[in-house]
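Understanding the architecture of this molecule
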Amino acid sequence: MNPLADALAAPLEHRDDAILILPDGREVTGRALHDLSGQMANALVRAGVVPGDRVAMQTEKSPDALALYLACLRAGALFLPLNTAYTPAELDYFLGDAEPRVAVVDPKAHGALAPIADDKGTHLLTLDAQGAGSLANAAAKEPTEFKTAPRDADDVSVILYTSGTTGRAKGAMLTHGNLLSNAEALAECWRFTSDDTLLHALPIFHAHGLFVAANIMLRVGGRMVFLPRFDQEQVIAALRNVTTMMGVPTFYTRLLGDERLTRDLVGHIRLFVSGSAPLLAETHREFETRTGHRILERYGMTETSMNTSNPYDGERRAGSVGFPLPGVTARVADADTGVALPDGETGILEIKGPNVFKGYWRMPEKTAEEFRDDGFFITGDMARRDADGYISIVGRAKDLVISGGYNVYPKEVETEIDEMPGVLESAVIGVPHPDFGEAVLAVVVSEPGASISAGDVAAALAGRLAKFKQPKLVEFLSELPRNTMGKVQKNVLRDQFKGTFSG
Ligand code: MCA
Ligand code: AMP
């Protein structure tokens, strides 16, 4: 038994029809994807991978990258996908922490990453957006048959790094059971079947694109129009050929900014899903007015995959994330004690269920800090449950900015800025942004006599942090606002700069 490989990969072997449809019209059959995953699994084993080893991937989205995910599941390796925007400095940390046996990277990044991989004892292979590279060359020499490694439901299948409010990024360990139960619950709630074709324009290195979108479709045996990224032209063209779409709120605001989004274009579509960041009630209503569709909003986290969802049949309420998924228990609790609060009161949202991760990779203390004694996971999101059971996320207890669906932890950016000579201190905040929902803004206090410009800050961060984490604007103040305890009042700064991008 290998729960995920059996459920997601094995059924592909007998599918001679298209599973992936690419923007140029090319189609990939289930059998082709399965064969490639078998060849890649053999190549990984030949490179020394044994069950339990980590295999990192930082490559462009492609059918081959999806095959690599399936190959890892089949080989019993822990798949470790990494955002393509991460810099070599960020990769240095991830490879050092996870110690993958193999890392598959874009050939263009090979030069910069080779010394890092060497240092960690990681074997580097390459794969480009067209499916070429040293992994492809190695796989081509291998047979398509591969004996899938046995795994239990409680074995870890994927590690996803998620930054923390303090210090280092943590690798969330998701088990076979976590991911399979979530894909099954979502497929059922959202009525996915093999008749569905999903517009897949999300990256596959995060939970949304990989676990929600791809896992569901592989589980039910449907098809994906598999776009390398959210390209407005390709998305508009693809909408005619799909039955469903999933996206972050930015996808929906971008579509609303396009006059080609009409009832006629999307009349045949049965479901639009949004998540990863709050969908403004205004966007929800505007989308309905324009298209007649009520977007179904759901809520999740890297550590838990999906927790709650608006109903498929009942009212899809704007501004709410709906009800706990089948098997999942959600409670709104007092942040200090974990004691459940009455409906209507705001507290911290806590989750228990088969979806909740096993822990952070090699960080048992951090793991323990995030759980209550009775097993509930503390999300760090502030929520309210209405009398009729609908849950709304009303804020965050954690210092986090979500920009275009990507999480940015201010602490990480502040640490980099504070290290610059001439900087006394900094505060990084999220402010409303018409495209990204929130944008990263840095407020910097220079040391007396030092002259630092916004350009200097940008230059200092350029090679260090992924582009999406870098501030869209740097402001200078003579001091940061503090409360009587000396704590920086970020709410004051957020208020002061809230109109920066939204007028
Ligand atoms: C790109 N840039 C960004 C972002 N994306 N800056 C801030 N935030 C971003 N999200 C940078 C680019 O490097 C570029 O910089 C400039 O902003 C404009 O780029 P643009 O071409 O407009 O961006 P894009 O390539 O179209 O990407 C925007 C995007 C993309 C489509 C919204 O960010 C995206 O696909 N986001 C989805 C993220 C996601 O999958 N999240 C799920 C996480 P310059 O011009 O200066 O070079 S999973 C999760 O959150 C949980 C579990 C859940 O509940 O799902
Ligand atoms: P991550 O696990 O790092 O991708 O981010 C998870 C966080 O995204 C959650 O803790 C929430 O703060 C936020 N999030 C995800 N979906 C929603 C949603 N529908 N509404 C509001 N916040 C969301």
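Residues numbered from 1 in each chain as written. Chains lettered and ligands numbered in written order. Predicted model: local features only at pLDDT ≥ 70, side-chain atom pairs only at ≥ 80, totals over all residues. Heavy atoms only, no water.

**Topic: the overall build of the protein**
Within the protein one finds 16 helices and 25 strands. Since a compact globule built from 503 residues should have a radius of gyration of about 23 Å, the 23 Å found for the protein is in line with a globular shape. A principal-axis box enclosing the C-alpha atoms of the protein has dimensions of 65 × 55 × 50 Å. Expressed as a percentage of contacts within the protein between residues at least 6 apart in sequence, the contacts between residues at least 24 apart total 66%. (Helix = DSSP H or I, 4+ residues; strand = E, 2+ residues; numbered from the N terminus. Rg over C-alpha atoms; globule rule 2.2 N^0.38 Å. Contact = heavy atoms within 4.5 Å.)

**Concerning the environment of Pro 228**
Within the secondary structure, Pro 228 is located in the loop between β10 (223–226) and α9 (232–239). Leaving out residues up to four positions away in the same chain, Pro 228 has contacts with Pro 23, Lys 61 and Gln 234.

**Quick word on the site of ligand 2**
Around ligand 2, a shell composed of 15 residues is seen, among which Arg 298, Thr 302, Asp 381, Lys 398 and Asn 407 lie nearest. At 2.7 Å from a nitrogen atom of ligand 2 is found a main-chain nitrogen or oxygen belonging to Arg 298. For ligand 2, whose accessible area on its own is 500 Å², the fraction buried by protein is 90%. Top element by residues in the shell around ligand 2 is strand β13 (residues 296–301). It accounts for 5 residues. Of the residues contributing to the shell around ligand 2, the split by class is 6 nonpolar, 4 polar and 5 charged. (Near = heavy atom within 4 Å. Polar contact = N/O pair within 3.5 Å; in protein donor to acceptor, adjacent residues only side chain to side chain. Areas by Shrake-Rupley, 256 points an atom, 1.4 Å probe, with all protein chains shown as cover. Nonpolar A, V, L, I, M, F, W, Y, C, P; charged D, E, K, R; others polar.)

**Description of the nonpolar core**
Judged by nonpolar contacts, the single largest core of 108 residues is most densely connected at Trp 190, Leu 239 and Met 246. When sequence neighbours within four positions are dropped, the list of residues in contact with Met 246 reads Trp 190, Phe 192, Leu 198, Leu 199, Leu 202, His 208, Val 212, Ala 213, Ile 216, Phe 251, Tyr 252 and Val 273. Counting residues in hydrophobic clusters, the runner-up holds 38 residues, among them Phe 94, Val 408, Val 440 and Leu 461. (Core = buried A, V, L, I, M, F, W, Y, C linked by side-chain atoms within 4.5 Å. Buried < 20%, exposed > 50% of the residue type's maximum accessible area, 1.4 Å probe, protein only.)

**Some remarks on the site of ligand 1**
The environment of ligand 1 is made up of 25 residues, and the closest members are Arg 254, Ser 276, Arg 298, Ser 403 and Lys 472. Measuring from an oxygen atom of ligand 1, one finds a side-chain N or O atom of Arg 229 at 3.1 Å. In this structure, Arg 298 approaches ligand 1 through a side-chain N or O atom, which is 2.7 Å from an oxygen atom. Protein chains shield 74% of the accessible area of ligand 1, which is 1000 Å² for the free molecule. Secondary structure elements with two or more residues in the shell around ligand 1: α8 (207–220), α10 (249–256) and β13. Taken together, the residues that form the shell around ligand 1 break down as 11 nonpolar, 9 polar and 5 charged.

**Quick look at the packing of aromatic side chains**
Within the structure shown, the criterion is met by 16 aromatic pairs. Relative to Phe 94, the ring of Tyr 93 lies with its centre 5.7 Å away and its plane at 65 degrees, an arrangement referred to as edge-to-face. Taken together, Tyr 86, Tyr 93, Phe 94 and Tyr 161 form an aromatic cluster joined through their ring pairs. The ring centre of Tyr 360 lies 4.6 Å from the NZ or CZ of Lys 170, which sits over that ring. Here the guanidinium or amino end of Arg 331 rests over the ring plane of Phe 376, the centre of that ring lying 3.8 Å away. (Phe/Tyr/Trp six-rings, centres within 6.5 Å; stacked < 30°, edge-to-face > 60°. Lys NZ or Arg CZ within 6 Å of the ring centre and 35° of its normal.)

**Digging into helix α5 (residues 110–120)**
Within α5, burial applies to Leu 113, Ile 116 and Ala 117. Across the axial projection of α5, the buried residues extend over an arc of 100 degrees, all falling on one side. Looking at α5, the residues exposed on the side facing more than 90 degrees away from the buried face are Gly 111, Pro 115, Asp 118 and Asp 119. Where α5 is buried, its residues meet β3 (54–58), α4 (88–98), β5 (102–105) and β6 (123–126). Two residues or fewer after α5 comes Gly 121, characterised by a positive phi angle close to 75 degrees. (Arc of directions from axis to C-beta.)

**Here we look at the pairing of strand β16 (residues 329–333)**
When you tally the buried positions in β16, you get 4 out of 5 residues, the bulk of the element. In terms of strand pairing, β16 meets strand β17 (residues 346–352) through 5 bridges, oriented antiparallel. Across the sheet, residue Arg 331 finds its bridge partner in β17, namely Glu 350. (Pairing = 2+ DSSP bridges.)

**With respect to the packing of helix α7 (residues 176–189) against α8**
Where α7 contacts α8, the two axes come as close as 9 Å, and the packing angle between them is 80 degrees. One element, α7, and the other, α8, form an angle in the roughly perpendicular class. Between α7 and α8, the contacting residues are Leu 179, Leu 180, Ala 183, Glu 184, Leu 186 and Ala 187 on the first element and Phe 211, Val 212, Asn 215, Ile 216, Arg 219 and Val 220 on the second. By residue class, the composition of the contact of α7 with α8 is 9 nonpolar, 1 polar and 2 charged. (Axes fitted to C-alpha atoms, helices over the stretch in contact; angles between N-to-C directions. Parallel < 35°, antiparallel > 145°, perpendicular 65-115°, else oblique.)

**Regarding the pairing of strand β23 (residues 423–433)**
Most of β23 sits out of view: 9 of its 11 residues are buried. Relative to strand β24 (residues 437–446), β23 runs antiparallel, the two sharing 10 bridges. Within the sheet, the bridge partner assigned to Pro 432 lies in β24 and is Glu 438. In textbook terms, the turn of a hairpin is the stretch between consecutive antiparallel strands, and for β23 and β24 this stretch comprises 3 residues.

**A word on the side chain of Lys 398**
Relative to the assigned elements, Lys 398 resides in the loop between β20 (391–396) and β21 (401–403). Overall, Lys 398 belongs to the buried group, its relative accessible area being 16%. Every residue in contact with Lys 398, bar those within four places of it in the chain, is listed here: Thr 165, Met 301, Thr 379, Gly 380 and Asp 381.

**Here's the deal with the sheet that holds β17**
Reading across the sheet, the 4 strands line up as β16-β17-β19-β20 and stay open at both edges, with antiparallel pairing between neighbours. Each of the sheet's edge strands pairs with one partner strand only, and the pair in question is β16 and β20. Averaged over neighbouring strand pairs, the angle between their axes works out to 45 degrees when direction is ignored.

**Considering the pattern of salt bridges**
Where charged atoms from two side chains of opposite charge come close, those side chains can pair. According to the stated counting rule, one finds 38 salt bridges in the structure shown. Ionic pairing is found between Asp 264 and Arg 240, a salt bridge with its closest N-O pair at 3.5 Å. Within this pair, whereas Asp 264 is found in helix α11 (residues 263–266), its partner Arg 240 is found in the loop between α9 and β11 (244–247), the two being separated by 24 residues in sequence. Among the salt bridges present, the one from Arg 317 reaches Glu 315, with a minimum N-O distance of 3.1 Å. Judged by its relative accessible area of 40%, Glu 315 is partly exposed. Taken together, the shared-partner salt bridges connect Glu 315, Arg 317, Arg 384, Asp 386 and Asp 388 into one network. (Salt bridge = Lys/Arg side-chain N within 4 Å of Asp/Glu carboxyl O.)

These figures come from the coordinates and say nothing about function on their own.
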